[in-house]
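Inside the fold
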Amino acid sequence: MMDAIIAQRPQFSAWIDSNKVGRKSSCAIRVPRKLQEGRCHVLISGHLEPTRNFNRHKSISLEVPCSYREFPGAPKLEALILKNKSQEVEPYLSGRCIYLVGMMGSGKTTVGKILSQVLNYNFCDSDTLVEEDVGTSVADIFKLYGEGFFREKETEMLKRLSIMHRMVVSTGGGAVVRPVNWRHMQQGISVWLDVPLEALAQRIAAVGTHSRPLLHGESGDAYTKALTRLSNLLEERSEAYAYANARVSLEEIAAKLGYRDVSHISPTAITAIAIEALEQIETSLRDEDGMAFGTL
Ligand SMILES: Nc1ncnc2c1ncn2[C@@H]1O[C@H](COP(=O)(O)OP(=O)(O)OP(=O)(O)O)[C@@H](O)[C@H]1O
Ligand SMILES: O=C(O)C1=C[C@@H](O)[C@@H](O)[C@H](O)C1
């Protein structure tokens, strides 16, 4: 049996069964995500069966390329990293709500539910709260009462949420355009899920546009319709999304995971997105608190 210890901060050790490694000189060690891409120093300490020709212990130091990619078995490790990161960040949130902003289909609900679980927060979707309040779907609210009425209701809902604590709020895609909504959302931490238009259009085309009234009325196939309308909306809104305290870029996550483009990030890689969200929240809290962060 040989154990390999990665002598990096944070220190992390992994066991490799030499029987499994066999005669091959290659093997894989899971490393914490903090190491990211690049090169890391690995201290390999061998505990060998004593023979006449060998010492019992041998240590060598190697510099090896280290890559953060998904591989079989990674999701469990990812889940641990996510839990760990949430425990690190949670005390500094001091119960403040997290507002997820982003275009429709950007994953606010999907990511929001995971964040709420790991932070032990409640989850809510402002569109659903408006629907419950009015008693009908967002699509019907637009049809029966117009967009202006929906926006008023959305603002009212965000105001009501702004006095609450320990909530992850998935906001409506257009919530960012009204400055008054930012006043409410500034009671918490806002995170922009920045997803390329092509990926948004693919996701929306897959589920249809029936529940998204702002995407009705274009001609062409579902993907082209969604892409055309979404690109117009994003042009109007990108500045407003950038007001958020933190930004999670799916393009950057895809690059870190070694994918050529975002469409390869499946919902199963959602943990990686949630980790990135917590890391960006941490950075934002650090900026806010200066050096106080980490001295709790
Ligand atoms: N990382 C991902 N990769 C691929 N598909 C995803 C990913 N995240 C979410 N989806 C899918 O995209 C669709 C929209 O996701 P979700 O409802 O979480 O977005 P949203 O931002 O809350 O949308 P809306 O504002 O329109 O309610 C869903 O079908 C979901 O399964
Ligand atoms: O992007 C938007 O303006 C919208 C997004 C949805 O979440 C809903 O709030 C509504 O369909 C409007």
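Residues numbered from 1 in each chain as written. Chains lettered and ligands numbered in written order. Predicted model: local features only at pLDDT ≥ 70, side-chain atom pairs only at ≥ 80, totals over all residues. Heavy atoms only, no water.

1. Here's the deal with the overall build of the protein
Within the protein, the secondary structure is distributed over 11 helices and nine strands. The buried share among the 296 residues of the protein stands at 44%. Considering only residue pairs separated by 6 or more positions, the protein has 68% of its internal contacts joining residues 24 or more positions apart. Total accessible area computed for the protein in this model is approximately 16,400 Å², and 51% of it derives from carbon and sulfur atoms. (Helix = DSSP H or I, 4+ residues; strand = E, 2+ residues; numbered from the N terminus. Buried < 20%, exposed > 50% of the residue type's maximum accessible area, 1.4 Å probe, protein only. Contact = heavy atoms within 4.5 Å. Areas by Shrake-Rupley, 256 points an atom, 1.4 Å probe, with all protein chains shown as cover.)

2. A short note on the site of ligand 2
By nearness alone, every residue bordering ligand 2 is listed as M104, D127, V138, F150, R151, G172, G173, G174, P213, L214 and R237. At 3.4 Å, a backbone N or O of G174 approaches an oxygen atom of ligand 2. Contacts to ligand 2 include R237, whose side-chain N or O atom sits 2.7 Å from an oxygen atom. When its residues are assigned to classes, the shell around ligand 2 shows five nonpolar, three polar and three charged. (Near = heavy atom within 4 Å. Polar contact = N/O pair within 3.5 Å; in protein donor to acceptor, adjacent residues only side chain to side chain. Nonpolar A, V, L, I, M, F, W, Y, C, P; charged D, E, K, R; others polar.)

3. Focus: the site of ligand 1
Around ligand 1 there are 17 residues in total, and G105, K108, T109, T110 and R212 lie nearest to it. G107 has a polar backbone atom sitting 3.1 Å from an oxygen atom of ligand 1. Taking T109, its side chain carries an N or O atom lying 2.6 Å from an oxygen atom of ligand 1. Elements represented by at least two residues in the shell around ligand 1 include exactly α3 (108–119), α8 (197–207) and α11 (270–289). Sorting elements by how many residues they give to the shell around ligand 1 places α3 first, with three residues.

4. Regarding the packing of helix α4 (residues 126–134) against helix α5 (residues 138–145)
Where α4 contacts α5, the axes come no closer than 9 Å and their chain directions differ by 55°. Put simply, α4 runs oblique to α5. The two elements α4 and α5 cross, and the hand of that crossing is left-handed. Contacts from D127, V130, E131 and V134 of α4 reach α5 at V138, I141 and Y145. For the contact of α4 with α5, the per-class residue count stands at five nonpolar, no polar and two charged. (Axes fitted to C-alpha atoms, helices over the stretch in contact; angles between N-to-C directions. Parallel < 35°, antiparallel > 145°, perpendicular 65-115°, else oblique. Left-handed = near helix turned anticlockwise from the far one by under 90°.)

5. A word on α3
Taking 1.5 Å of rise per residue, the 12 residues of α3 would be expected to cover 16 Å, and the 16 Å separating its terminal C-alpha atoms lies within 8% of that figure. Along α3, the residues classified as buried are K108, V111, G112, I114, L115, S116, V118 and L119. Note on α3: the residue one or two positions beyond its end, N120, has a positive phi of about 60°. (Expected span 1.5 Å × (residues − 1).)

6. As for the packing of aromatic side chains
By the definition in use, this model includes four aromatic pairs. A centroid spacing of 5.1 Å and a plane angle of 45° characterise the contact between F142 and F150, whose relative ring orientation is tilted. The class of F142 is buried, set by a relative accessible area of 15%. Centre to centre, the rings of W192 and Y241 are 5.8 Å apart; their planes meet at 15°, and the pair counts as stacked. Placement of the pair is W192 in strand β8 (residues 189–194) and Y241 in helix α9 (residues 222–241), with a sequence separation of 49 residues. An identical accessibility class is assigned to W192 and Y241; each is buried. Across the ring face of W192, the terminal group of R247 is positioned such that the distance to the ring centre comes to 5.7 Å. (Phe/Tyr/Trp six-rings, centres within 6.5 Å; stacked < 30°, edge-to-face > 60°. Lys NZ or Arg CZ within 6 Å of the ring centre and 35° of its normal.)

7. Some thoughts on the environment of R166
With respect to the helices, strands and loops of the structure, R166 is situated in the loop between α6 (147–161) and β7 (167–170). Placed 68 residues apart in sequence, R166 and I98 show a C-alpha to C-alpha distance of 7.9 Å. Beyond its immediate stretch of four places on either side in the chain, R166 contacts E90, G95, C97, L119, N120, Y121 and N122. A polar side-chain atom of R166 sits 2.9 Å from a polar atom in the side chain of E90.

8. Structural notes on the confidence of the model for the protein
Mean pLDDT over the protein stands at 79; residues scoring 70 or higher make up 69%. In this model residues 34–41 is a low-confidence stretch, pLDDT under 50, and it forms 28 contacts with partners more than four residues away in sequence or in other chains. Scored below 50 in pLDDT, residues 63–72 shows 31 contacts in the model against residues more than four places distant or in partner chains. This complex was scored by the predictor with a pTM of 0.76 and an ipTM of 0.97. (pLDDT = per-residue confidence, 0-100.)

9. Examining unusual backbone geometry
Despite not being glycine, N120 has its phi angle at roughly 60°, a positive value. Along the chain, N120 turns up in the loop between α3 and β6 (122–125). Accessibility expressed as a relative area gives 62% for N120, which makes it exposed. In this model, R166 sits at a positive phi of 50°, which is unusual for a non-glycine residue. Here R166 falls in the partly exposed class, since its relative accessible area comes to 29%.

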